[in-house]
Amino acid sequence: MNKKDILEIKTDFLIIGSGLSGLYSAIYASRFGKVTLITKSSIQESNSYWAQGGIAAAINEDDSIEIHKKDTLSVGCGLNNQEAVNTMVTEGTERVQELIDQGMNFDRAESGFDFGIEGGHSRRRILHALGNETGKAVVDFLCKEVERNNKITIYENSFVIDLFSDFKTCFGCLVFSDKEKNKVSIHSKATILATGGGCGLYSQSSNPSSTSGDGIALGLNAGAVVKDMEFIQFHPTVFSKEGAQNFLISEAIRGEGGQLVNHSRTRFMENYSKQLELAPRDIVARAIFNEMRTNGEKNVFLSLKHLKPSLIKNRFKNTFELCLREGLDITKDDIPVSPAAHYMIGGIKTNTSSQTNIKNLYACGEVACVGAHGANRLASNSLLECLVFARRAVDSAVKLSKKEVKIPKNLIEKAKKCSLISSDKKVESYLNYRILLSQTINNYVGILRNKKDLLLALNEISSIKRTNLDEFDLIDKRLMNLKSLTYLITKSALLREESRGAHIREDFSNESSKWLKHINWKLNNGTLRFSYSKQ
Ligand code: SIN
């Protein structure tokens, strides 16, 4: 085949992304037809893999779906979609039970599961595995099934360039396939976006930098509505030592008694919340930020010295080893921590059947925004959300996307023009811009926001239009996507003139009933436009 031609393949279910939602939907969809699973890295590598805390599910004796729902709503600060919360906590228990029945090993204590607790939970309900390597354990468990399933074709190290869409219907995607060393057009009856979030866009993040919101940009460019982008959840405790890599210090450690102290080794959470270290994440992150700012320090500490060394070494083996590599024995030494971007609450707007506004396009997991988390996510609800809405995406696709699709000729012709080879100069400029954008949102669209900083950030972001961007050049396309995403986060944060959940404005410090609404974004003739909605 001439390299300029595009290979074309057909599938029933096209799944983009290989975190928990992608793997789970691939396995479930394989019961109904042929599945093509695309991932930009390997199927073992995803943000889900790094999830530590675990999966929250109301299956402990003293717990109930109602209590889990109440905790989720209370943390979500009035913006949750009640139907989505109900669906997640109810079906979540069924999905988790199925995993257990299929042989997934969650950690056990003598009397049953060893349920953990994290900020905002009123019960011990967090199932974990391999201590605090829950993401790894669940991903490995599902990967084995994906690899032996002959209905699933996997394309690893393959980058999706565009969805084929006429802004009403999605027909599949154009991907650079490492396997074919060429562009491939995939015609699919149903396309499920399961690419994860975009908190790796922040220069200080608990996510790998590859978590760059690609799926949100793909959806946006295909005409999907994107919402709630101002709600970026900051994790209170990310390892923070000069010259060392950031990594997550799980909230589960505070669940087992870890205490936050400032540089004078004084506990400070009692000044901020009666729930102390187990207050909801936004409160703890803000308290730490405030301590750091007041004392002019770059971090606070998490102290575990009063805990049994055996608990630390067994339950949090991974954290113990990672810190040891940085020269700290956390049974004796305090851990330097500071807040960092962790979870993107907003994303592609879906209903509770995981449908987007584009026919045959579905989304689930962190790339989607079904509204289950409201303005702030309850810890360990995200893996639960992945399971529930991945299955729902497949169920919807089975019901609604039965017909063969054919990618319109004009879209194929456009795809042929897309160039995968960019000049070194372009690549270098892309990398520089990426650093600029990630530092800009980190410095000006962080935990505490204000109009002046947000306007500064918008100014930096819009300065990128001065370069000549070519829509057919892959690198330029990626730059435009980064620019769109950082713009949506910043502009939404500027529009929302109140403080609610994960979005805190110094200049509008209270919640306002006027803002019991959502900011929606859509691409309209090449321009991003916003509107408000109740849901
Ligand atoms: C953690 O282990 O602290 C992270 C869990 C989560 O983000 O839900």
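The coordinates are above.
Remember, predicted model here, so these are calculated numbers, not experimental data. (Residues numbered from 1 in each chain as written. Predicted model: local features only at pLDDT ≥ 70, side-chain atom pairs only at ≥ 80, totals over all residues. Heavy atoms only, no water.)

### What to know about the environment of Ser 188
Reasoning step 1: You can see Ser 188 is positioned in strand 10 (residues 182-193).
Reasoning step 2: With relative accessibility at 1%, the residue Ser 188 sits in the buried group.
Reasoning step 3: Ser 188 sits 122 residues away from Ser 310 along the chain, and the two C-alpha atoms are 52 Å apart.
Reasoning step 4: Contacts of Ser 188, omitting those with residues within four sequence positions, involve Thr 11, Asp 12, Phe 13, Leu 14, Cys 170, Phe 171, Gly 172 and Val 405.
Reasoning step 5: A polar contact of 3.4 Å, which involves the side chain of Ser 188, links it to the backbone oxygen of Asp 12.
Reasoning step 6: One polar contact links the side chain of Ser 188 to the main-chain carbonyl oxygen of Ala 190, over a distance of 2.6 Å. (Helix = DSSP H or I, 4+ residues; strand = E, 2+ residues; numbered from the N terminus. Buried < 20%, exposed > 50% of the residue type's maximum accessible area, 1.4 Å probe, protein only. Contact = heavy atoms within 4.5 Å. Polar contact = N/O pair within 3.5 Å; in protein donor to acceptor, adjacent residues only side chain to side chain.)

### Quick notes on empty space enclosed by the protein
Reasoning step 1: Under the definition given, this model contains 5 cavities of 30 Å³ or more.
Reasoning step 2: Lining the largest cavity are 14 residues; nearest its centre among them are Phe 159, Asp 214, Lys 477, Arg 478 and Asn 481.
Reasoning step 3: Counting only elements with at least two residues in the lining of the largest cavity, the list comes to strand 8 (159-165), helix 5 (214-221), helix 12 (424-444) and helix 14 (474-495).
Reasoning step 4: Top contributing element to the lining of the largest cavity by residue count: helix 14, with 5 residues.
Reasoning step 5: Of the residues belonging to the lining of the largest cavity, the class tally is 8 nonpolar, 2 polar and 4 charged.
Reasoning step 6: What the second largest cavity holds in volume is close to 80 Å³. (1 Å grid on protein atoms, 1.4 Å probe; cavity = no way out; pocket = protein on both sides within 12 Å on 5 of 7 lines; lining within 4 Å. Points joined across faces, edges and corners; volume = space filled by probe spheres on them. Nonpolar A, V, L, I, M, F, W, Y, C, P; charged D, E, K, R; others polar.)

### Overview of helix 3 (residues 82-102)
Reasoning step 1: If you check helix 3, its first and last C-alpha atoms are 30 Å apart, about what 21 residues at 1.5 Å a residue would give, namely 30 Å.
Reasoning step 2: Gly 92 marks the point of greatest bend in helix 3, at about 30°.
Reasoning step 3: Of all the residues in helix 3, the buried ones are Ala 84, Val 85, Thr 87, Met 88, Val 89, Glu 91, Gly 92, Thr 93, Arg 95, Val 96, Leu 99 and Ile 100.
Reasoning step 4: Two or three places before Glu 83, at the opening of helix 3, Asn 81 has a side-chain oxygen 2.9 Å from that residue's backbone nitrogen.
Reasoning step 5: Downstream of helix 3 by one or two residues, Gly 103 has phi in the positive range, about 110°. (Expected span 1.5 Å × (residues − 1). Bend = angle between axes of the 7 residues up to and from the residue.)

### A few points about the layout of surface pockets
Reasoning step 1: Counted as a void, the second largest pocket has a volume near 950 Å³.
Reasoning step 2: At the level of elements, strand 8, helix 5, helix 11 (409-417), helix 13 (451-462), helix 14, strand 21 (518-524) and strand 22 (527-533) are the ones that each hand at least two residues to the lining of the second largest pocket.
Reasoning step 3: A per-element tally of the lining of the second largest pocket places helix 14 first, with 6 residues.
Reasoning step 4: For the lining of the second largest pocket, the class distribution of residues is 16 nonpolar, 10 polar and 7 charged.

### Observations concerning the pattern of salt bridges
Reasoning step 1: On inspection of all chains with the given rule, the structure shows 33 salt bridges.
Reasoning step 2: Asp 329 serves as the salt-bridge partner of Lys 332, at 3.1 Å between the closest nitrogen and oxygen.
Reasoning step 3: Via salt bridges that share partners, Glu 230, Arg 496, Glu 498, Arg 500 and Glu 511 belong to a single interconnected network. (Salt bridge = Lys/Arg side-chain N within 4 Å of Asp/Glu carboxyl O.)

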